[in-house]
Amino acid sequence: KVSYNDYIKIKNNFTGEVYDMKFTKDAYDFYIKLKKIRPEYENLYRNLALVCFRLDKIDETIEYSQKALELNELDNIAYNTLALMYILKNERNRAIEVLEKAIALNIVDAQIYKNLGKLYIMSNKLDDAILLLNKLVEIEPDNKEGLMSLAQIYQIKDDTVYVEFIVDCRQNYQWLLH
């Protein structure tokens, strides 16, 4: 049975009002109770996955991220969380599959592009990384990590585009070079 205080916390969480429980064991217990009351609530599973991540519960984080995606296949946070867990489990290819699925669903999220770009670089899929990081920079033109990753790739490839890229950065992104 859920107490009145827990009910108020649940109500506040649903209405977007004050929610001050940090990522702690208390938050975990809270979401487990909420799961019994409203198992279909999609944000519950995303939030529970994030709490589990903070508590180093990787397998539960994966389980709840997958459940969040069952309820809302466009949940960018759940895709990023799930991919991160696969990376932590040294399952890079599964992480890539997760993020590629998100992009195939036309989810436009800078974090997804950045994470997948990094995975492509780690997997030596440099041409794929260039395409993806260029999309990232289209979304966020001042994304320092995206620009730096592109510069790194162009330098690795010893590409003449690298010189043009650096010139463009010097002209348009002075903050990047400091």
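Calculation notes
- Residues numbered from 1 in each chain as written.
- Predicted model: local features only at pLDDT ≥ 70, side-chain atom pairs only at ≥ 80, totals over all residues.
- Heavy atoms only, no water.
- Helix = DSSP H or I, 4+ residues; strand = E, 2+ residues; numbered from the N terminus.
- Polar contact = N/O pair within 3.5 Å; in protein donor to acceptor, adjacent residues only side chain to side chain.
- Phe/Tyr/Trp six-rings, centres within 6.5 Å; stacked < 30°, edge-to-face > 60°.
- Buried < 20%, exposed > 50% of the residue type's maximum accessible area, 1.4 Å probe, protein only.
- Expected span 1.5 Å × (residues − 1).
- Contact = heavy atoms within 4.5 Å.
- Axes fitted to C-alpha atoms, helices over the stretch in contact; angles between N-to-C directions.
- Parallel < 35°, antiparallel > 145°, perpendicular 65-115°, else oblique.
- Left-handed = near helix turned anticlockwise from the far one by under 90°.
- Nonpolar A, V, L, I, M, F, W, Y, C, P; charged D, E, K, R; others polar.
- Patch = residues over 30% accessible without salt bridge, like charges linked within 9 Å, V, L, I, M, F, W, Y side chains within 5 Å.
- Areas by Shrake-Rupley, 256 points an atom, 1.4 Å probe, with all protein chains shown as cover.
- Salt bridge = Lys/Arg side-chain N within 4 Å of Asp/Glu carboxyl O.
- pLDDT = per-residue confidence, 0-100.

Draft legend 1. Seen up close, the side chain of Asn-143. Within the secondary structure, Asn-143 is located in the loop between helix 8 (126–139) and helix 9 (144–157). A distance of 2.8 Å separates a polar atom in the side chain of Asn-143 from a polar atom in the side chain of Glu-140. Within the structure, the side chain of Asn-143 is placed 2.8 Å from the backbone nitrogen of Gly-146, a separation counted as a polar contact.

Draft legend 2. Summary view of the packing of aromatic side chains. Here the structure, examined in full by the defined rule, presents two aromatic pairs. Each ring, one from Phe-30 and one from Tyr-31, has its centre 5.2 Å from the other, and the planes form 65°; the classification is edge-to-face.

Draft legend 3. Here's a closer look at unusual backbone geometry. Positive phi, normally seen in glycine, also occurs at Asp-56, with a value near 60°. With respect to the element layout, Asp-56 can be found in the loop between helix 3 (42–54) and helix 4 (58–71). Notably, Asn-106 is not glycine yet its phi reads approximately 65°, a positive angle. On the basis of relative accessible area, Asn-106 is assigned to the exposed category, the value being 66%.

Draft legend 4. Examining helix 8 more closely. When the terminal C-alpha atoms of helix 8 are compared, their 20 Å separation across 14 residues agrees well with the 20 Å that a helix rising 1.5 Å per residue should span. Taken residue by residue, helix 8 has Leu-126, Ala-129, Ile-130, Leu-132, Leu-133, Leu-136 and Val-137 as its buried positions. Against the buried residues of helix 8 lie helix 6 (92–104), helix 7 (110–122) and helix 9.

Draft legend 5. Examining the packing of helix 7 against helix 9 more closely. Where helix 7 meets helix 9, the axes come as close as 11 Å, and the angle between the chain directions of the two elements is 20°. For the element pair helix 7 / helix 9, the angle class is roughly parallel. Between helix 7 and helix 9 lies a crossing whose hand is left-handed. Residues Lys-114, Lys-118 and Ile-121 of helix 7 form the contact with helix 9, whose participating residues are Glu-145, Ser-149, Gln-152 and Ile-153. When the residues that make up the contact of helix 7 with helix 9 are grouped by side-chain class, the tally is two nonpolar, two polar and three charged.

Draft legend 6. Representation of the environment of Asp-29. Position of Asp-29 among the secondary structure elements: in helix 2 (residues 25–37). Sequence separation between Asp-29 and Val-51 is 22 residues; the distance between their C-alpha atoms is 9.9 Å.

Draft legend 7. Molecular detail of a nonpolar patch on the surface. On the surface, a nonpolar cluster with roughly 290 Å² of combined accessible area is contributed by Phe-53, Leu-84, Ile-87 and Leu-88. Take the nonpolar patch: its biggest share by element is three residues, from helix 5 (residues 76–88). When you line up the elements, Phe-53 lands in helix 3.

Draft legend 8. Layout of the confidence of the model for the protein chain. On average, the protein chain scores 81 in pLDDT, and the residues at 70 or more come to 75%. Across the protein chain, helix 6 holds the top mean pLDDT of 96, while helix 1 (residues 4–15) sits lowest at 50.

Draft legend 9. Local environment of the pattern of salt bridges. Taken as a whole, this structure holds eight salt bridges when the rule is applied. Measuring nitrogen to oxygen at the nearest pair gives 3.1 Å for the salt bridge that ties Arg-94 to Glu-91. Across the salt bridge formed by Lys-114 and Glu-145, the nearest N and O atoms sit 3.0 Å from each other. Here Lys-114 is found in helix 7, whereas its partner Glu-145 is found in helix 9, with 31 residues between them in sequence. When its relative accessible area of 13% is taken as the criterion, Lys-114 is described as buried.

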